[in-house]
Amino acid sequence: MALSLAISPCPNDTFVFHALVHGLVPGAPPVEVTYADVDVTNNAAERGAFDLVKVSYGALPWLLDDYHLLPCGGALGRGCGPLLLARPGNPGTDSAGSSGTGGGDLTGATVAVPGDRTTAYLLFRLWSADRPPARIEVVPFHEIMPGVAAGRYDAGLVIHEARFTYPRHGLTALVDLGEWWEADTGLPIPLGAILARRGVVDPQAATGWIRASVQRAWADPAATRDYVLAHAQEMEPDVVDRHIGLYVNEFTADLGADGLAAVEALLSRAADAGLVPQTSSSRATAWTS
């Protein structure tokens, strides 16, 4: 029986899951794949819609009763955090801009975000806790940079390949939330997680399948090329390569102690700030036993 799998069409996900999707992992069951933005998968996972699913770490507090967190296949790292972008001189933003951890004055600004339970938005809320509030609009990820450039939004919160392409839209980075997080915690940025549905998927078996898929992609990246480019939303090959190089790293194969500490820090800080429900440490880390 096939398992249902939901991932994004982004190059890091298609690279990681190429072998599993194509039946190249010995002993793994067939999978039926749905490709969707993470805001869609966050909401679908809350309904129990998929057996294996890529979600935001920021959505975990609503999902761990029904899903195991797997220690591989996701997106964590350093130097890869979300960016808050604006046009230079936009009302409600610092016209000078900054690529560091300062940011502009967002008083009265309208900020487009890629989902209300994304890690990007959760980091933004933690960063902006002591700042005047902005107006928030949830916008499909691919519409954020064009919308900011066209003046529909004063600023936009972006992830993934936007780190490499935002200057083409005439935008500037007000703040790098990854730099802010790393400077404040010393930990990597926990962005996207892979979950396995409780009572349906054996988490240890799924961990083995996904790790085998990652290792196969690293051993023969050329084999993934056509599949990755077919889902890369018209990204140029060099941007695809930089995307994979940044987001598929040692934490993809194993969260390890630093990755787990980053997840726990994100969830505990957010819960203490009243932004997410409290998550017990034992529930969040049950997959390690």
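Everything numeric in this text was worked out from a predicted model, so none of it was measured.

*Asks:* Please provide a residue-by-residue account of the overall build of the protein chain, values included.
*Replies:* Helix and strand content of the protein chain: 12 helices and 11 strands. For 289 residues, the compact-globule formula gives about 19 Å, and the C-alpha radius of gyration of the protein chain, at 18 Å, lands near that figure. Pairs at least 24 residues apart make up 78% of the contacts formed inside the protein chain by residues separated by at least 6 positions. Total accessible area computed for the protein chain in this model is approximately 11,500 Å², and 50% of it derives from carbon and sulfur atoms. Taking the average location of the 19 positive side-chain charges in the protein chain and that of its 32 negative ones, the two points are 1 Å from each other.

*Asks:* Outline the pairing of strand S2 (residues 31–35), listing residues and values.
*Replies:* Of the pairings in the sheet, the one linking strand S1 (residues 3–7) to S2 comprises five bridges and is parallel in character. Bridged to alanine 6 within S2 is threonine 34. Remark: the S1/helix H1 (residues 11–21)/S2 crossover connection has right-handed handedness.

*Asks:* Would you mind going over the side chain of aspartate 154 in detail, with residue names and values included?
*Replies:* By the element assignment, aspartate 154 lies in the loop between helix H4 (141–149) and strand S9 (155–158). For the buried aspartate 154, no salt bridge is present, and the opposite-charge side chain at shortest range is arginine 135, 4.5 Å distant. One polar contact links the side chain of aspartate 154 to the main-chain amide nitrogen of threonine 110, over a distance of 2.8 Å.

*Asks:* Give me the pairing of strand S3 (residues 52–56): which residues, what numbers.
*Replies:* Among the five residues that make up S3, five are buried, leaving the element largely enclosed by the rest of the structure. Side chains of S3 alternate between two faces, with Leu52, Lys54 and Ser56 and Val53 and Val55 buried alike. Here two bridges tie S1 to S3, and the two strands are oriented parallel to one another. Bridge pairing links leucine 5 to leucine 52 in S3.

*Asks:* Got a sec to walk through the environment of alanine 120? Specific residues and values, please.
*Replies:* Relative to the helices and strands, alanine 120 is located in helix H3 (residues 119–127). Discounting chain neighbours no more than four positions away, the residues touching alanine 120 are Pro82, Pro114, Leu157, Ile159 and Leu177.

*Asks:* Before we move on, can you summarise the nonpolar core with the specific residues and values?
*Replies:* With 68 residues, the main nonpolar core has Tyr57, Leu60, Leu84, Phe124 and Leu195 as its most contacted residues. The residues touching leucine 195, leaving out its near neighbours within four places in the chain, are Asp51, Leu52, Val53, Val55, Leu60, Leu63, Tyr67, His68 and Leu69. Counting residues in hydrophobic clusters, the runner-up holds 31 residues, among them Ala19, Val21, Val25 and Val214.

Parameters at a glance
- Residues numbered from 1 in each chain as written.
- Predicted model: local features only at pLDDT ≥ 70, side-chain atom pairs only at ≥ 80, totals over all residues.
- Heavy atoms only, no water.
- Helix = DSSP H or I, 4+ residues; strand = E, 2+ residues; numbered from the N terminus.
- Rg over C-alpha atoms; globule rule 2.2 N^0.38 Å.
- Contact = heavy atoms within 4.5 Å.
- Areas by Shrake-Rupley, 256 points an atom, 1.4 Å probe, with all protein chains shown as cover.
- Lys, Arg positive; Asp, Glu negative; His and termini not counted.
- Charge placed at Lys NZ, Arg CZ, Asp CG, Glu CD.
- Pairing = 2+ DSSP bridges.
- Right-handed = clockwise from strand over helix to strand, strands pointing away.
- Buried < 20%, exposed > 50% of the residue type's maximum accessible area, 1.4 Å probe, protein only.
- Salt bridge = Lys/Arg side-chain N within 4 Å of Asp/Glu carboxyl O.
- Polar contact = N/O pair within 3.5 Å; in protein donor to acceptor, adjacent residues only side chain to side chain.
- Core = buried A, V, L, I, M, F, W, Y, C linked by side-chain atoms within 4.5 Å.

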